[in-house]
Amino acid sequence: MSKTKKTGQSDYLKECLRESYFSLLAQKSNDSISISEIVKLAGVSRMSFYRYYQNKDELVQQYLTDSFDDFIKTVKQDQVEDPLEAAAIFFSFFRHHKAPIKLLIEQNLFHLLIGSFSNFLQRSNLAIDSNPNISQDKLKYYYEYASAGILNLAKAWVEGEMKESDQKMAQVLKAIKMAQGEKYS
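Residues numbered from 1 in each chain as written. Predicted model: local features only at pLDDT ≥ 70, side-chain atom pairs only at ≥ 80, totals over all residues. Heavy atoms only, no water.

1. Things to note about unusual backbone geometry
Not every positive phi belongs to a glycine, and Asn108 is a case in point at roughly 55°. Topologically, Asn108 is positioned in the loop between helix H6 (98–106) and helix H7 (111–124). Although it is not a glycine, Glu161 sits at a positive phi angle of roughly 65°. For Glu161, a relative accessible area of 41% translates into the label partly exposed. (Helix = DSSP H or I, 4+ residues; strand = E, 2+ residues; numbered from the N terminus. Buried < 20%, exposed > 50% of the residue type's maximum accessible area, 1.4 Å probe, protein only.)

2. Observations regarding the packing of aromatic side chains
Within the structure shown, the criterion is met by 18 aromatic pairs. Between the aromatic rings of Phe49 and Tyr53, the centroid separation amounts to 5.5 Å while the plane-to-plane angle is 55°, which identifies the pairing as tilted. Accessibility assignment for this pair places Phe49 and Tyr53 in one class, buried. Among the aromatic residues, ring-to-ring pairing joins Phe68, Phe71, Phe90, Phe91, Phe93, Phe94, Phe117, Phe120 and Trp157 into one connected group. When the ring centre of Phe110 is taken as reference, the NZ or CZ atom of Lys155 above it lies at 5.1 Å. (Phe/Tyr/Trp six-rings, centres within 6.5 Å; stacked < 30°, edge-to-face > 60°. Lys NZ or Arg CZ within 6 Å of the ring centre and 35° of its normal.)

3. Regarding the pattern of salt bridges
Oppositely charged side chains can pair when the atoms bearing their charge come close. According to the stated counting rule, one finds seven salt bridges in the structure shown. Linking Glu161 and Lys98 is a salt bridge whose minimum nitrogen-to-oxygen distance equals 3.4 Å. With Glu161 in the loop between helix H8 (139–159) and helix H9 (166–184) and Lys98 in helix H6, this pair connects stretches of sequence that are 63 residues apart. Across the pair Asp137 and Lys138 runs a salt bridge whose closest N-O atoms are separated by 4.0 Å. Judged by relative accessible area, which is 58%, Asp137 ranks as exposed. Judged by its relative accessible area of 44%, Lys138 is partly exposed. Because the salt bridges share partners, they merge into one network encompassing Lys98, Lys102 and Glu161. (Salt bridge = Lys/Arg side-chain N within 4 Å of Asp/Glu carboxyl O.)

4. Re the nonpolar core
One finds Leu17, Tyr21 and Phe94 to be the most contacted residues of the largest nonpolar core, which totals 56 residues. At ten residues, H8 tops the list of elements feeding residues into this core. In this structure, Phe94 is in contact with Ile101, Leu151, Ala154, Trp157, Val158 and Met162, ignoring residues within four places of it in sequence. (Core = buried A, V, L, I, M, F, W, Y, C linked by side-chain atoms within 4.5 Å. Contact = heavy atoms within 4.5 Å.)

5. Quick word on the confidence of the model for the chain
When pLDDT is averaged across the chain, the result is 87; 91% of the residues are at 70 or more. Mean pLDDT values over the elements of the chain span from 81, in H7, up to 98, in helix H2 (residues 35–42). (pLDDT = per-residue confidence, 0-100.)

If you want it as structure tokens, here you go:
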């Protein structure tokens, strides 16, 4: 079997497992969902699950990593350099992934987003938060701090049913960042 065909099958199996998990998560609590239920709904074996994941958290983290990677590709492909435009695209990403993100919030699994997002923010070097005025040895801490703040802003927006537009939320983020800069400069 060619590597491309194998990769396609792997992606398909992962997608089936992910969709099954989120479907079950919409019906019941995370703690009451078993691996057996996920694989049964997905129509795959337990071995298939464990080939890719050690547990349900890893499944969610892989979904988030893949989603953030797709976001990075889109922004870099479109060569977005304006922080306001990048922020609006970020909030658009959250709007597009509203259902699974809302489930993670409702099921008290939001912490899984924080680790994935901090990693994403560091790897992406997006205009949203690129070139912070901080020394290299403190950069990791900066991204941990910034990612939690940005994510909690997005979380509040999701919980508020996303009444504001993506562009309005980009303006809110800009205002917060400017206020922080003024306060600590």
